[in-house]
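What follows is each chain in one-letter form.
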Amino acid sequence: MAPGVRLVQKVSATRTFARIAPHLVPAMDRTVHRLTRGRVLLSAQMLPGVILTVPGARSGQLRTTPLACMPEGGEGDAGGWILVGSNFGRTGHPAWTANLLAHPEAAAISWKGRDIPVRARLLEGAERAVVWEAALRFWPPYAAYQARIDREIRLFRLERRDGTE
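Residues numbered from 1 in each chain as written. Predicted model: local features only at pLDDT ≥ 70, side-chain atom pairs only at ≥ 80, totals over all residues. Heavy atoms only, no water.

(A) Seen up close, the pairing of strand E7 (residues 154-160). Most of E7 sits inside the fold, with 5 of its 7 residues counted as buried. In terms of strand pairing, strand E4 (residues 80-85) meets E7 through 6 bridges, oriented antiparallel. Counted as the bridge partner of tryptophan 81 is leucine 158 from E7. The pairing of strand E6 (residues 114-122) with E7 spans 5 bridges and is antiparallel. The residue of E7 that forms the bridge with leucine 122 is phenylalanine 156. (Buried < 20%, exposed > 50% of the residue type's maximum accessible area, 1.4 Å probe, protein only. Helix = DSSP H or I, 4+ residues; strand = E, 2+ residues; numbered from the N terminus. Pairing = 2+ DSSP bridges.)

(B) The packing of aromatic side chains, seen in detail. By the definition in use, this model includes 4 aromatic pairs. Ring geometry for tryptophan 96 and phenylalanine 156: centres 6.0 Å apart, planes at 55 degrees, overall tilted. Of this pair, tryptophan 96 sits in helix H3 (residues 95-102) while phenylalanine 156 is found in strand E7, placing the two residues 60 residues apart along the sequence. With a relative accessible area of 1%, phenylalanine 156 lands in the buried category. Geometrically, the ring pair formed by tyrosine 142 and tyrosine 145 is edge-to-face, given 6.0 Å between the ring centres and 70 degrees between the ring planes. Taken together, the residues span about one helical turn, with tyrosine 142 and tyrosine 145 both in helix H5 (residues 141-148) at a distance of 3 residues. Here tyrosine 142 matches tyrosine 145 in class, with each residue buried. Here the aromatic residues Trp132, Tyr142 and Tyr145 are joined through ring pairs into a cluster of three or more. (Phe/Tyr/Trp six-rings, centres within 6.5 Å; stacked < 30°, edge-to-face > 60°.)

Read these as geometric descriptors, not functional statements.
Set out below in structure tokens:
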């Protein structure tokens, strides 16, 4: 692993990062993503990322959120994606997780400049345990996030909706 990645992992596991990052990282990602017409996602320089669009749980209005993801089936043209609702180790679940719970069939992602309709499924039990271990290998700071909070971090699997390749 490159030294730069290790440094980012150390910094991202801190409480200071958890206070600052939720305000800076998504705003920067949205701006760069928009300016590059979906070709560049700044945070994806460290971790693969998607832009999730899903109706709000209460409002029904479309909400767009840049997120790190764990591609399944290779990064080139992922067979699916895992989203980790860590909220940078902050107390509450991130709002996008409630949106996916309310509208699992109405989500879409922008992945490497392509818009892909997806279905979301909350992972539970043994399946969640296996994916959680993979997530910890993928991005070790998730362990620090989980240790700081009293809730179980939600994990979602996103799969292409039927008829989309």
